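Examining the three-dimensional arrangement
Here are the chains, one letter per residue:
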Amino acid sequence: MWVTCPRSRQTSRPRLMSFTLATWNINSVRFRIRQVGMFLDRYAPDILCLQETKCPDDRFPLKPFRSRGYEHVLLNGQKGYHGVAILSRIPFLSTSKRGFCQKGDARHAAVTVADGGDDILIHNFYIPAGGDIPDPTINDKFAHKLAFLDEMTTWLTGPETDRRSILVGDLNVAPLENDVWSHKQLLRIVSHTPIETERLEQVRAAGGWVDAMRRFVPPEEKLYTWWSYRAANWALANKGRRLDHVWVTPHLVDRLESTEVIRATRSWKRPSDHVPVIARIGAA
DNA sequence: ATGCCCTACTTCGTAGGA
């Protein structure tokens, strides 16, 4: 009599990783290091991708991470503004940082982590905000944002994305109508103009990326990750935008178990205006 | 658009954020 043993079949294969990955625009990692510690204690992601660390690498507060087991660190910071970091309890197989638009600013970091006999590439991005006026001919910041998106499209295509990859970060674009509190009222506001949402869609399509958050929340539902500091009562007004994203290549879609917006951090004392998003990738 | 906020910096005014 035949008895199949799925377990032995599985263990004969290289083990594919199960892990959680968080992305969070922290708006100064030094100013908000206590909130970061609270978040790690409460949600314990295996990997944390931060944006807007606003911190030179030699001033980065590593101790609160190391004491919690986040021993693997990739920093790409600078003085005053921008800056990204990846902090992990999982070892990195390789690390890289890429400059965009011939600027010396710190807006990208990437690592690979083991996944069975293969690996997974994780990109962490902080795309330029783009200033106030959505016209590249009179606003250099908006021109920079569009050039940055075009450079991403050119880079993240073809063989570069034909692998297990995750792209997270503050992309500073709310692409869908229900990624903002009022599509109509924000059409001419930077972050939701058609010129930006079309460029971001080009980046996504060129790499065959899948919008992971929208696999779990249908496009008919509002979904935000950022609420302005200016609103007197951010939760009551609820005039948010989805500026932070998790994308995966098709190779990982079947292993996506969840994405979760951690709205609670926005109510903490002295919060970032962005909240974390956590994605769970299952073992295959 | 809303409302007049938030952080960094050879700091008390300006740049950058979105």
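Residues numbered from 1 in each chain as written. Chains lettered and ligands numbered in written order. Predicted model: local features only at pLDDT ≥ 70, side-chain atom pairs only at ≥ 80, totals over all residues. Heavy atoms only, no water.

As recorded by an unreviewed UniProt entry, chain A carries the name Exodeoxyribonuclease-3 and is attributed to Bauldia litoralis. The heading Sequence similarities (unreviewed entry) in the UniProt record of chain A holds the text "Belongs to the DNA repair enzymes AP/ExoA family." (UniProt positions renumbered as here; feature names shortened; annotations may be inferred.)

Take the pattern of salt bridges next. Under the defined criterion, the tally for this structure stands at 15 salt bridges. Across the pair Arg164 and Asp118 runs a salt bridge, and its minimum N-O distance is 3.6 Å. Within this pair, whereas Arg164 is found in the loop between α4 (140-155) and β8 (165-170), its partner Asp118 is found in strand β7 (residues 118-126), the two being separated by 46 residues in sequence. For Asp118, a relative accessible area of 42% translates into the label partly exposed. Here the salt bridges do not stand alone but share partners, grouping Asp115, Asp118, Arg164 and Arg255 into one network. (Salt bridge = Lys/Arg side-chain N within 4 Å of Asp/Glu carboxyl O. Helix = DSSP H or I, 4+ residues; strand = E, 2+ residues; numbered from the N terminus. Buried < 20%, exposed > 50% of the residue type's maximum accessible area, 1.4 Å probe, protein only.)

Per the UniProt annotation, the sites labelled "site: Interaction with DNA substrate" (unreviewed entry) are His274. Mapped onto the elements of the fold, His274 is located in the loop between β13 (256-261) and β14 (277-281). A relative accessible area of 4% means that His274 is categorised as buried. Setting aside residues up to four positions removed in sequence, His274 forms contacts with Trp24, Asn25, Asp170, Thr225, Trp226, Leu243 and Asp244. (Contact = heavy atoms within 4.5 Å.)

Spatially, β3-β4-β2-β1-β14-β13 is the arrangement adopted by the six strands of the open sheet, whose pairing is mixed. What marks the edges here is a single partner per strand, and that holds for β3 (72-76) and β13. In this sheet, neighbouring strand axes are inclined to one another by 10° on average, regardless of whether the strands run parallel or antiparallel. Here five bridges tie β13 to β14, and the two strands are oriented antiparallel to one another. Each bridged residue has a counterpart across the sheet, and for Val261 the counterpart in β14 is Val277. (Pairing = 2+ DSSP bridges. Axes fitted to C-alpha atoms, helices over the stretch in contact; angles between N-to-C directions.)

This part takes up the protein's contact with DNA strand B. If you check the shell around DNA strand B, you find 28 residues, and the closest are Ser28, Phe31, Tyr126, Arg230 and Arg241. Among all atoms of DNA strand B positioned within 4 Å of the protein, those belonging to sugar or phosphate total 70%. Between DNA strand B and Lys79, the relevant distance is 3.0 Å, taken from a phosphate oxygen to a side-chain nitrogen or oxygen of the residue. A distance of 3.4 Å separates a phosphate oxygen of DNA strand B from a polar atom in the side chain of Asp170. Looking at the surface near DNA strand B, its residues break down into seven nonpolar, nine polar and twelve charged. (Near = heavy atom within 4 Å. Polar contact = N/O pair within 3.5 Å; in protein donor to acceptor, adjacent residues only side chain to side chain. Nonpolar A, V, L, I, M, F, W, Y, C, P; charged D, E, K, R; others polar.)

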